[in-house]
Amino acid sequence: MKITFTVNNENVEVDVKPNETLLDVLRDKLFLTGAKEGCGNGECGACTVIYNGRPVNSCLILAPEADGSVIETVEGLTKDNKLHPVQEAFVEANAFQCGYCTPGFIMSTKAMLEKIPNPTKEVIVERLAGNLCRCTGYTVILDAVKIAAQKMGGAK
């Protein structure tokens, strides 16, 4: 079946199978490989994308469900060769080690800061609870989120 949706401000039409996931389509058909398959069952957040304004695990969205949707991936954040403030903050805080989970954290952080510009530590922990990192620990990731909030005009 053919579906159409918008990804990173570009309209796309893709032929999908009923049991194919959004993650599969993004990675295998659109070559947007920032979202990663970690657990494959929505527990690790490595596949997080912004779907109609909300962070979701793209491994849990069936591709036909994406018909008509608006999707942002980490590839869509960079504009004119300039990193998004959330990406800059993760670099400044060294909030990654192997980097496998980083795109998911960045997309969850972006979605959170667009709705909650100045989150408390408790809110950050709650909102990022669906993203797991096995390398860095979470202190530097929390630091990156606070830096990102400042860059985006939230925290002072």
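Along each chain, residue indices are assigned from 1 in the same order as the chain's sequence is written. Where totals are concerned, whole chains, interfaces and linings use all residues; where local detail is concerned, this predicted model gives features only for residues with pLDDT of at least 70, and gives and counts side-chain atom pairs only at 80 or more. To obtain the side-chain values, all non-hydrogen atoms of the structure were included, while hydrogens and water were left out.

1. Considerations on the pairing of strand 4 (residues 54–57)
So the rule is basically this: By definition, two strands form a pair when at least two bridges between them are found by DSSP. Helix and strand definitions follow DSSP, with helices as H or I runs of at least four residues and strands as E runs of at least two, each counted in order from the N terminus.
Examined bridge by bridge, strand 3 (residues 48–51) and strand 4 share four bridges and lie antiparallel to one another. Residue pairing for strand 4: Ile 50 is matched across the bridge by Pro 55. A loop of two residues connects strand 3 with strand 4, the two strands running antiparallel in sequence, and Asn 52 in this loop sits at a positive phi of about 50°.

2. Some details on the sheet that holds strand 2 (residues 10–15)
To keep it simple, the criterion reads: Axis definition: a line fitted to C-alpha atoms, over the contacting stretch in the case of helices. Angles run 0 to 180 degrees between N-to-C directions. In what follows, residue pairs with any heavy atoms lying within 4.5 Å of each other are defined as contacts.
Spatially, five strands are ordered 2-1-5-3-4 in an open sheet, and the strand pairing comes out mixed. Two strands in the sheet have a free side with no partner beyond their single neighbour: strand 2 and strand 4. Each strand axis lies, on average, 40° off the axis of its neighbour in the sheet, ignoring direction. Of the strands in this sheet, strand 3, strand 4 and strand 5 (70–72) touch helix 3 (residues 102–115), which is tilted by about 30° from strand 3.

3. Thoughts on the side chain of Thr 21
Short version of the rule: We call a residue buried when its accessible area falls under 20% of the maximum for its residue type, exposed when it is over 50%, and partly exposed in between, using a 1.4 Å probe and counting protein chains only. Polar contacts, as used here, are pairs of N or O atoms within 3.5 Å; protein pairs need one atom able to donate a hydrogen and one able to accept it. Residues neighboring in sequence count only if both atoms are side-chain atoms.
Looking at the element boundaries, Thr 21 is found in the loop between strand 2 and helix 1 (22–29). By relative accessible area, Thr 21 is classed as buried at 15%. Polar contacts involving the side chain of Thr 21 include one to the main-chain amide nitrogen of Asp 24, which spans 3.0 Å.

4. Section: the packing of aromatic side chains
What counts here: Stacked, tilted and edge-to-face pairs are distinguished by plane angle, under 30 degrees for stacked and over 60 for edge-to-face with tilted covering the rest, among Phe, Tyr and Trp rings (Trp via its six-membered ring) whose centres lie within 6.5 Å.
Applying the stated criterion to the full structure yields one aromatic pair. Measuring from centroid to centroid gives 6.2 Å for Phe 105 and Tyr 138, while their planes differ by 55°, and the two rings are tilted. Of this pair, Phe 105 sits in helix 3 while Tyr 138 sits in the loop between helix 4 (121–127) and helix 5 (139–151); the two residues are 33 residues apart in sequence, bridging distant segments of the chain. Look at Phe 105 and you get buried, because its relative accessible area is 1%.

5. Description of the packing of helix 3 against helix 5
Quick note on the threshold: If an angle is under 35 degrees, it is roughly parallel; if it is over 145, roughly antiparallel; if it lies from 65 to 115, roughly perpendicular; otherwise it is oblique. Crossing chirality is assigned from the near helix's rotation relative to the far helix, an anticlockwise turn below a right angle marking it left-handed and a clockwise turn marking it right-handed.
Relative to each other, helix 3 and helix 5 sit at 40°, their axes nearing to 11 Å. The orientation of helix 3 relative to helix 5 falls into the category oblique. The hand of the helix 3/helix 5 crossing is right-handed. Where helix 3 approaches helix 5, its residues Phe 105, Thr 109, Met 112 and Leu 113 are matched on the opposing element by Ile 141, Val 145, Ala 148 and Ala 149.

6. Looking at the environment of Ser 58
As for its placement among the helices and strands, Ser 58 is situated in the loop between strand 4 and strand 5. Along the primary structure Ser 58 and Lys 121 are separated by 63 residues, whereas in three dimensions their C-alpha atoms are 26 Å apart. Apart from the residues within four sequence positions on either side, Ser 58 is in contact with Thr 21, Leu 22, Leu 23, Leu 26, Ala 35, Cys 47 and Val 49. A polar side-chain atom of Ser 58 sits 2.7 Å from the main-chain carbonyl oxygen of Cys 47.

7. Notes on the packing of helix 2 (residues 85–92) against helix 3
Any two packed helices are characterised by the angle at which their axes cross and by the distance between the axes. Stated precisely, the cut-off is as follows: Residues are sorted three ways: Asp, Glu, Lys and Arg are charged, Ala, Val, Leu, Ile, Met, Phe, Trp, Tyr, Cys and Pro are nonpolar, and all the rest, Gly among them, are polar.
Closest axis-to-axis distance for the helix 2/helix 3 pair is 9 Å, and the angle between their directions is 125°. Between helix 2 and helix 3, the angle is such that the two are oblique. Seen along the crossing, helix 2 lies across helix 3 with a hand that is right-handed. Residues Val 86, Gln 87 and Phe 90 of helix 2 touch helix 3, and the partners they reach there are Thr 102, Phe 105, Ile 106, Thr 109, Lys 110 and Leu 113. Its residues assigned to classes, the contact of helix 2 with helix 3 comprises five nonpolar, three polar and one charged.

8. Looking at helix 3
Where we set the bar: Helix span, as expected, comes to 1.5 Å for every residue beyond the first.
Along its 14 residues, helix 3 runs 20 Å from first to last C-alpha, staying within 8% of the 20 Å computed at 1.5 Å per residue. Among the 14 residues of helix 3, twelve are classified as buried, and the element is accordingly described as predominantly covered. Within helix 3 the residues assigned to the buried category are Thr 102, Pro 103, Gly 104, Phe 105, Ile 106, Met 107, Ser 108, Thr 109, Lys 110, Ala 111, Met 112 and Leu 113. Close packing links the buried residues of helix 3 with strand 3, strand 4, strand 5, helix 2, helix 4 and helix 5.

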